[in-house]
Amino acid sequence: MKIAATNQGTFLDYISVLKPRETFLLTFIGVCSAIIAAGIVGYLPTEVVILSLLAIGLGSAGSNGLTNYLDREADARMARTRNRALAAGRIDPPQKALPLIIGLIVVALALAWVLHPMCFLFGLIGVIASAIWRKTISCTFLGIVAGCSPVLIGWFAVKPVFDIQILLLCCLVAIWTPIHVWSVMVANREDYLGAGLNYFPLSLQDKNVVKILFSLSVLLYLVAIIIYLTADFHLLYLVVANILGILMIYANARLLRSTTSKTAWQIYKLSAFPYLGIIFLTMCLDTWLI
């Protein structure tokens, strides 16, 4: 029984390296992007859905595992992350996780190539963006690139054409990313600084960072409404986009007044699936059910 429990724990540690929650969200919005594109072109082959799901899911898991591996030393210095499998040394040496990580990335890129060469290109760019300049001022920009990668793969798997709608979807992700990332940095400011991480926005005072976050929440709301005005969406999307947008603005307005770690953490949690997941889900439902 003791051996079985140990093996189970080791298996779960390897799974945790792939950041399942983050992987699920990225995979979800990527597949939603394929469904949105299919609503425009009028069809969605089953094999495309399956291949997109596998390519985006495996690629996101591999990329998240790679960031976990590269961030392990910084994670070990932070109270919030020091219990992660690689940071805590539960996978020792940490290089034991690399075959799984690299294998997932290679398989994902191969599947992306089968979908479309542009899907392969976006997948490769996403992997590279996930791997370079970790824990630096550049990581938010690269996070935007990595976050847009699943959306572009899903879109080009069905509709391999750049147009205003895919541009706006990427804009939505691009504005959402710093809200999501910077709010957790504000919430854990002392933890980051204690680990020797003092890059933007930690190099600014919280009162200045929260002003940027509030401005971004307003811009996020505007982009969501512009998507309604330029795409063939209906009342369902408009109602949900308004509710979610107002919630994000309200949460960031509260942060403007209080600048507390608790409020910043609430924005971080709100911005994940409650905002990004639901708004992409609503676009899918609006496209297919109305």
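Scroll up to find the structure.
Now for a quick tour of the structure. Because the structure is a prediction, the values reported are computed rather than measured.

**Notes on the overall build of the chain**
Working step 1: Within the chain, the regular secondary structure consists of 12 helices and zero strands.
Working step 2: What you see in the chain, going N to C, is helices and strands ordered as α-α-α-α-α-α-α-α-α-α-α-α.
Working step 3: Whereas a compact globule of 290 residues would reach a radius of gyration of roughly 19 Å, the chain reaches 19 Å, a difference of no more than 12%.
Working step 4: Looking at the chain residue by residue over its 290 residues, the buried ones come to 51%.
Working step 5: Put simply, 75% of the contacts in the chain that link residues at least 6 apart link residues at least 24 apart.
Working step 6: Of the side-chain charges in the chain, 20 are positive and 13 negative, and the distance between the mean point of each set is 9 Å.

**Side note on the pattern of salt bridges**
Working step 1: All chains considered together, the criterion is met by five salt bridges.
Working step 2: Lys159 serves as the salt-bridge partner of Asp163, at 2.4 Å between the closest nitrogen and oxygen.

**As for the side chain of Thr177**
Working step 1: Examined against the element boundaries, Thr177 turns out to sit in helix 8 (residues 164-187).
Working step 2: Among the polar contacts listed, one links the side chain of Thr177 to the backbone oxygen of Val173, at a separation of 2.7 Å.
Working step 3: Filtering out sequence-adjacent residues up to four positions away, Thr177 remains in contact with Thr140, Gly143 and Ile144.

**Remarks on helix 8**
Working step 1: Compared with the 34 Å implied by 1.5 Å per residue over 24 residues, the 35 Å span of helix 8 between its first and last C-alpha is a close match.
Working step 2: Where burial is concerned, most of helix 8 is hidden: 19 out of the 24 residues are buried.
Working step 3: Between a side-chain oxygen at the N-terminus of helix 8 and the backbone nitrogen of Gln165 the separation is 3.1 Å; the capping residue is Asp163.

**Observations regarding the packing of aromatic side chains**
Working step 1: Applying the stated rule across the entire model yields 10 aromatic pairs.
Working step 2: Cluster of aromatic residues (ring-pair linked, three or more members): Phe24, Phe28 and Phe273.
Working step 3: In this arrangement the basic side chain of Arg72 is found over the ring face of Tyr69, its NZ or CZ atom lying 4.1 Å from the centre.

Procedures and definitions
- Each chain carries its own residue numbering, running from 1 in the written order of its sequence.
- With pLDDT at 70 or above as the cut-off, local features in this predicted model cover only qualifying residues; side-chain atom pairs require 80 or more to be listed or tallied, and sums for whole chains, interfaces and linings still use all residues.
- Excluding hydrogens and water, the side-chain figures rest on all heavy atoms present in the structure.
- The secondary structure listing takes helices from DSSP runs of H or I that are at least 4 residues long and strands from runs of E that are at least 2 residues long, numbered from the N terminus.
- This radius of gyration counts C-alpha atoms alone. The globule rule is 2.2 Å times how many residues there are, raised to the power 0.38.
- Between buried and exposed lies partly exposed: a residue is buried under 20% and exposed over 50% of the maximum accessible area for its type, with that area taken using a 1.4 Å probe on protein chains only.
- Here, two residues are considered to be in contact whenever any of their heavy atoms come within 4.5 Å of each other.
- Two residue types count as positive, namely Lys and Arg, and two as negative, namely Asp and Glu; His and chain ends fall outside the count.
- The atom standing in for a charge is NZ when the residue is Lys, CZ when it is Arg, CG when it is Asp and CD when it is Glu.
- By convention in these notes, a salt bridge is any Lys or Arg side-chain nitrogen within 4 Å of a carboxyl oxygen on Asp or Glu.
- We call two N or O atoms a polar contact when they sit within 3.5 Å, provided that within protein one can donate a hydrogen and the other can accept it, with sequence-adjacent residues counted only if both atoms are side-chain atoms.
- One fewer than the residue count of a helix, multiplied by 1.5 Å, yields its expected span.
- Each Phe, Tyr or Trp ring, with Trp reduced to its six-membered ring, pairs with another whose centre is within 6.5 Å; inter-plane angles below 30 degrees give stacked pairs, above 60 give edge-to-face pairs, and intermediate values give tilted ones.
- As a reminder, the over-ring test applies to NZ of lysine and CZ of arginine, requiring each to be within 6 Å of the ring centre and within 35 degrees of the ring normal.

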